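Results of the structural survey
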Amino acid sequence: MHIDYYASLNSPWTHLGAARIEALAAQYGASLRIWPVDFGTIFPASGGFPLPKRSPQRQAYRLQELARWREHLGIPIHIQPKHFPAKELPAATCVIAVRETIGDAEAIRLGHRILKACWEDELDPGDLPTLGRLIAEVGLDAERVLALGQEPRWAEKRAADTQAALARGVFGAPTYVIGDDIFWGQDRLEFVARRLAQG
């Protein structure tokens, strides 16, 4: 079994599901591949709105829901972190470069460290020196990965991955895809588990 995992490296919802999707993949022996696609492109192409363009009612409700999920899961996120939204492209291209040249597990580990930096540690993963420290913290060569991530081919790969995600039916983050089954949101991980249990 295989899970394609479409992530926003700025998304608190992706962060809240991060450890749980890893655990489910391990529990059921499924492979897991992260796709840090561009939801700035996906939202307008699929009828969605980026956070600043959402109605005040929806923005206020989002904050309530984040507080509820923080308490429910016991994950100590900041509801309004200092560096949100972070500049996402440098981090995303580094994750893609790691995925394509080192491996899926390392890319996921880096992607999840980037999310934790923003939502728990009040760090700015869009800042290159900070990003370098995060890369080193997950056991990778920071200088090499930062240089690799700045190669234009990875931004091009992200753009192609984004179009492929749209064609597959992805419209929000996080999205987990198993075969033809699409699961949007960390609050759908119970259904991901049921799908994995089916084999």
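Our subject is the structure listed above.
In this report, the structure presented in the accompanying data block is examined. (Residues numbered from 1 in each chain as written. Predicted model: local features only at pLDDT ≥ 70, side-chain atom pairs only at ≥ 80, totals over all residues. Heavy atoms only, no water.)

1. Here we look at the nonpolar core
Our working rule: To define a nonpolar core, start from buried Ala, Val, Leu, Ile, Met, Phe, Trp, Tyr and Cys residues and group those joined through side-chain atoms within 4.5 Å. Throughout, exposure labels follow a simple rule: accessible area from a 1.4 Å probe, protein chains only, divided by the maximum for the residue type, with under 20% read as buried, over 50% as exposed, and the rest as partly exposed. Strands here are runs of E lasting at least two residues and helices are runs of H or I lasting at least four, both read from the DSSP assignment and numbered beginning at the N terminus. Contacts are assigned to residue pairs with any non-hydrogen atoms lying within 4.5 Å of each other.
By size, the foremost hydrophobic cluster in this structure holds 45 residues, and its most contacted members are Ile3, Ile135 and Val192. In terms of residues, this core owes the most to one element, helix α5 (residues 104-119), which gives 8 residues. If near-sequence neighbours (up to four positions away) are discounted, isoleucine 3 is found in contact with Ile21, Ala25, Ala30, Ser31, Leu32, Arg33, Tyr176, Val177, Ile178 and Leu196. Of all hydrophobic cores here, the second largest spans 10 residues; its members include Val37, Phe39, Ile42 and Val177.

2. Looking at helix α4 (residues 89-101)
As a reminder of what qualifies: By definition here, a helix of n residues has an expected span of 1.5 Å times n minus one.
With 13 residues, α4 should cover 18 Å at 1.5 Å per step; its first-to-last C-alpha distance of 18 Å lies within 8% of that length. The element α4 is extensively covered by neighbouring structure, given that 10 of its 13 residues are classed as buried. Buried within α4 are the following residues: Pro90, Ala91, Ala92, Thr93, Cys94, Val95, Ile96, Ala97, Val98 and Arg99. For α4, the elements touching its buried residues are β2 (31-35), α5, α6 (128-137), α7 (142-149) and α8 (152-168).

3. Quick look at α7
Defined as follows: Here the arc refers to the set of directions running from the helix axis out to each C-beta atom.
Within the span of α7, buried status applies to Ala142, Val145, Leu146, Leu148 and Gly149. The buried side chains of α7 occupy one side of the element, clustering within an arc of 165 degrees when seen end-on.

4. Looking at the sheet that holds strand β4 (residues 181-184)
What counts here: Here a strand pair is declared whenever DSSP counts at least two bridges between the two strands. Note on geometry: axes are lines fitted to C-alpha atoms, helical ones only across the stretch in contact, with angles between N-to-C directions running from 0 to 180 degrees.
Taken in spatial order, the 4 strands line up as β2-β1-β3-β4 in an open sheet, and their pairing is mixed. The sheet is open, and its two borders are formed by β2 and β4, each paired with just one other strand. Strand-to-strand twist in this sheet, taken as the mean axis angle between neighbours without regard to direction, amounts to 20 degrees. Both strand β1 (residues 2-6) and strand β3 (residues 175-178) contribute to a ladder of 3 bridges, which runs antiparallel. Note that in β3 the partner of tyrosine 6 across the bridge is threonine 175. Helix-sheet contacts for helix α1 (residues 12-28) involve β1, β2 and β3, and the interaxial angle to β1 is about 170 degrees.

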